[in-house]
2 protein chains.
Amino acid sequence: MLTDQIAKLIEQMLEESGGALDLQRNEMAQSLGCVPSQISYVITSRFTPERGYLIESRRGGGGRIRIIRKQMHKNEYLMHFFHAIGNKIEEREALAYLKNLADNDIITEREAIIVSNALSTAALSPVTPEGRGVLRAQIFKHVLLSLMQ
Amino acid sequence: MLTDQIAKLIEQMLEESGGALDLQRNEMAQSLGCVPSQISYVITSRFTPERGYLIESRRGGGGRIRIIRKQMHKNEYLMHFFHAIGNKIEEREALAYLKNLADNDIITEREAIIVSNALSTAALSPVTPEGRGVLRAQIFKHVLLSLMQ
DNA sequence: CTTTCTTTGACCTTTACTGACTTTAGTATA
DNA sequence: TATACTAAAGTCAGTAAAGGTCAAAGAAAG
């Protein structure tokens, strides 16, 4: 899938540049053989604040899109997500949060796997779809709390 | 029976791929001459967590269904607990199990804390008291499965 | 005969992708 | 300086391509 390729490319560029990079939308689209809005799509769907990225951009001649992977400290992270969760949360959002926590060494990979399974739709299947999001948020928050000192 | 054929095919594919495979529902349905929902039926009725399988999926263009087989025999200890849990479980029982798992270094102290919080009555408060035990069992089982190789 | 399992199809939700149109910033020109 | 031109990126609605869900009909088992 195109989206995955582009996301992978951007991640790789971020890795090489140490967490912040500038790219040009048209240029990248051309070199990948896709329409420019595809780049926008990838950025808005994959490099979200939830996953720990900041986006800045500038239009006009010589425009650019800047992608920054932001770093925080442990409790800050935990608090950030605690608040971000809100009243209910979908599985894919929760996964994004967990990946972010693991990537930043707030939790281990194994812990991320454990929690993601605890929050999975499959695990919460006894509850109605409407209730699930609320329950997932509740559980996730309790887990995050247990990780704060 | 169609279901058995499909199940056999998937098992065979799992064998060849070494325990984890991606398939496309529509594609497989077409090549077998059945409706796509038949594939879903086989997966939900045969490749359940109880039998040691984990399912993930993604929709949209180029979507997929991922089936992962856990090797039960390598996880006798975890399987023991898996079966002991039954259909529902009280919080204090779950805590006892977790302590046991931690004491035997199957999980870390921290992991035990995380899971105990996820299974706590507080975390599961959106659910009725009757439903809680069932849900707790379901979540616990999924967590145990995720710990198996 | 009843219950449980299988099969189907209609309808729903999510995700990917595109293109036309809008907005913004820099550059050249009157 | 004010104005037009050009080269970006932003937006958003529409289309298509998946998988999910569920109820109902049919088949098999007990």
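Preceding this section is the structure that the text describes.
What comes next is a walk through the structure. (Residues numbered from 1 in each chain as written. Chains lettered and ligands numbered in written order. Predicted model: local features only at pLDDT ≥ 70, side-chain atom pairs only at ≥ 80, totals over all residues. Heavy atoms only, no water.)

### What to know about the protein's contact with DNA strand C
Line of reasoning, step 1. Of all residues adjacent to DNA strand C, which total 25 residues, the nearest are Thr-3 of chain A together with Thr-3, Tyr-41, Arg-46 and Arg-59 of chain B.
Line of reasoning, step 2. Of everything in DNA strand C that lies within 4 Å of the protein, sugar and phosphate atoms constitute 66%.
Line of reasoning, step 3. Residue Arg-58 of chain A places a side-chain N or O atom 3.2 Å away from a phosphate oxygen belonging to DNA strand C.
Line of reasoning, step 4. Residue Arg-46 of chain B places a side-chain N or O atom 2.4 Å away from a phosphate oxygen belonging to DNA strand C.
Line of reasoning, step 5. Contributing elements (two or more residues each) for the surface near DNA strand C: α1 (2-17) and α3 (36-46) of chain A together with α1 (2-17) and α3 (36-46) of chain B. (Near = heavy atom within 4 Å. Polar contact = N/O pair within 3.5 Å; in protein donor to acceptor, adjacent residues only side chain to side chain. Helix = DSSP H or I, 4+ residues; strand = E, 2+ residues; numbered from the N terminus.)

### Some points on the protein's contact with DNA strand D
Line of reasoning, step 1. In the vicinity of DNA strand D, 28 residues are found, and the nearest of them are Arg-25, Asn-26 and Ser-57 of chain A together with Arg-25 and Asn-26 of chain B.
Line of reasoning, step 2. Among atoms of DNA strand D positioned within 4 Å of the protein, sugar and phosphate together represent 69%.
Line of reasoning, step 3. In the environment of DNA strand D, a phosphate oxygen lies 2.6 Å from a nitrogen or oxygen atom belonging to the backbone of Arg-25 of chain B.
Line of reasoning, step 4. One of the backbone N or O atoms of Gly-60 of chain B is found 3.3 Å from a base nitrogen in DNA strand D.
Line of reasoning, step 5. Sorting the residues of the surface near DNA strand D by element identifies α2 (25-32), α3, β2 (53-58) and β3 (64-69) of chain A together with α2 (25-32), α3, β2 (53-58) and β3 (64-69) of chain B as the ones contributing at least two each.
Line of reasoning, step 6. A breakdown of the residues in the surface near DNA strand D according to their chemical character gives 2 nonpolar, 18 polar and 8 charged. (Nonpolar A, V, L, I, M, F, W, Y, C, P; charged D, E, K, R; others polar.)

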